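Secondary and tertiary structure notes
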Amino acid sequence: MSNVFSFTGTVGRDAEVRYLPSGQAVLNVTVANNIGFGDKQQTLWIRCAIWGKRAEGQLQNYLKKGQQVFVSGELSQSEYRAQDGSTKTSLELNANIIDLVGKRNESSQPPQQNYQSSQPSAQQAPSHDNFDAPYDDDIPF
């Protein structure tokens, strides 16, 4: 039986890469997912982990606070006792996929270089945004 959970959310804090005593890398990132609407809206915080070679790549440089992501993997739930004695629930996702969606944050963008083309910019064709004006085009049908 397969347990696959996919969602989109917002990175809550910058991703971290850590190494286990065995030398295996793990990338950890916490992602917020809003469910419900209006007064009944809740935010679920899901701890996501990517293991091995994928954790050692450049993904850490792009998973910055505020970045929107699509995440998919195996979901698990665990309970723990908080300092005040209450029982809390933690959602953890062993991620197979983490994709960036939406715009990148200003802080996570790599430096851009400005390249100038030696060719002059082409003139754009006039747009036909005025739908009341007659559209004079050779349409073959």
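A few words now on the overall build of the protein. Summing up its helical and strand segments, the protein has one helix and six strands in all. Listing the helices and strands of the protein from first to last along the sequence gives β-β-β-β-α-β-β. Across the protein, contacts joining residues at least 24 apart in sequence account for 57% of those joining residues at least 6 apart.

Attention now moves to the pairing of strand β5 (residues 68–81). Direction of pairing for strand β1 (residues 5–11) relative to β5: antiparallel, over a ladder of six bridges. Directly across from Gly9, in β5, lies its bridge partner Val69. Direction of pairing for β5 relative to strand β6 (residues 87–101): antiparallel, over a ladder of 14 bridges. Each bridged residue has a counterpart across the sheet, and for Arg81 the counterpart in β6 is Thr87. Where β5 folds back on β6, the antiparallel hairpin that results is connected by five residues, among which Gly85 adopts a positive phi of roughly 95 degrees.

What follows deals with the environment of Ala32. Mapped onto the fold, Ala32 is located in strand β3 (residues 25–35). Setting aside anything within four residues of it in sequence, one finds Ala32 in contact with Gly9, Thr10, Thr43, Leu44 and Trp45.

Turning to the confidence of the model for the protein, a few remarks are in order. Chain-level pLDDT for the protein is 79 on average; 72% of the residues reach the 70-or-more range. Confidence scores differ between elements of the protein, with helix α1 (residues 53–56) showing the lowest mean pLDDT of 90 and strand β2 (residues 16–19) the highest of 94. Per-residue pLDDT stays below 50 along residues 107–128; that stretch engages in 10 contacts with residues further than four places along the chain or on separate chains.

This next bit is on the nonpolar core. Where a protein is soluble and globular, its nonpolar side chains tend to be buried together. Val29, Cys48, Leu63, Val71 and Ile98 are the most contacted members of the largest nonpolar core, which totals 18 residues. Once you skip the residues sitting within four places of it in the chain, Leu63 turns out to touch Val11, Arg13, Asp14, Ala15, Leu27, Val29, Val69, Ile98 and Leu100.

Bringing the layout of surface pockets into the picture now. Counted as a void, the largest pocket has a volume near 290 Å³. Contributing to the lining of the largest pocket are 15 residues, with Asn28, Arg47, Cys48, Ala49 and Glu92 lying nearest its centre. For the lining of the largest pocket, the elements supplying multiple residues, two or more each, are β2, β3, β4 (42–51), β5 and β6. A class-by-class count of the residues in the lining of the largest pocket yields four nonpolar, four polar and seven charged.

How each quantity is defined
- Sequence order sets the numbering: in each chain, residues are counted from 1 along the sequence as written.
- For a predicted model such as this one, the threshold for reporting local features is a pLDDT of at least 70, and the threshold for listing and counting side-chain atom pairs is 80 or more; totals across whole chains, interfaces and linings nevertheless cover every residue.
- The side-chain figures draw on all heavy atoms in the structure; neither hydrogens nor water molecules are used.
- Numbered from the N terminus, helices here are DSSP runs of H or I no shorter than four residues, and strands are runs of E no shorter than two.
- Between two residues, a contact is recorded if the distance between any of their heavy atoms is within 4.5 Å.
- Two strands make a pair as long as DSSP finds a minimum of two bridges between them.
- Values of pLDDT, ranging from 0 to 100, describe the predictor's confidence in every residue of the model.
- Remark: nonpolar core denotes a set of buried residues (Ala, Val, Leu, Ile, Met, Phe, Trp, Tyr, Cys) joined through side-chain atoms within 4.5 Å.
- Partly exposed residues are those whose accessible area sits between 20% and 50% of the maximum for their type, while under 20% is buried and over 50% is exposed, using a 1.4 Å probe and protein chains only.
- The rule is simple: put a 1 Å grid over the protein atoms alone, call a set of points where a 1.4 Å probe fits but cannot get out a cavity, call an open set with protein on both sides within 12 Å along at least five of seven lines a pocket, and count a residue as lining if it has an atom within 4 Å of a point.
- Grid points are joined across faces, edges and corners, and a volume is the space filled by probe spheres set on the points.
- Residue classes follow a fixed rule: Ala, Val, Leu, Ile, Met, Phe, Trp, Tyr, Cys and Pro count as nonpolar, while Asp, Glu, Lys and Arg count as charged, and any other residue, Gly among them, counts as polar.

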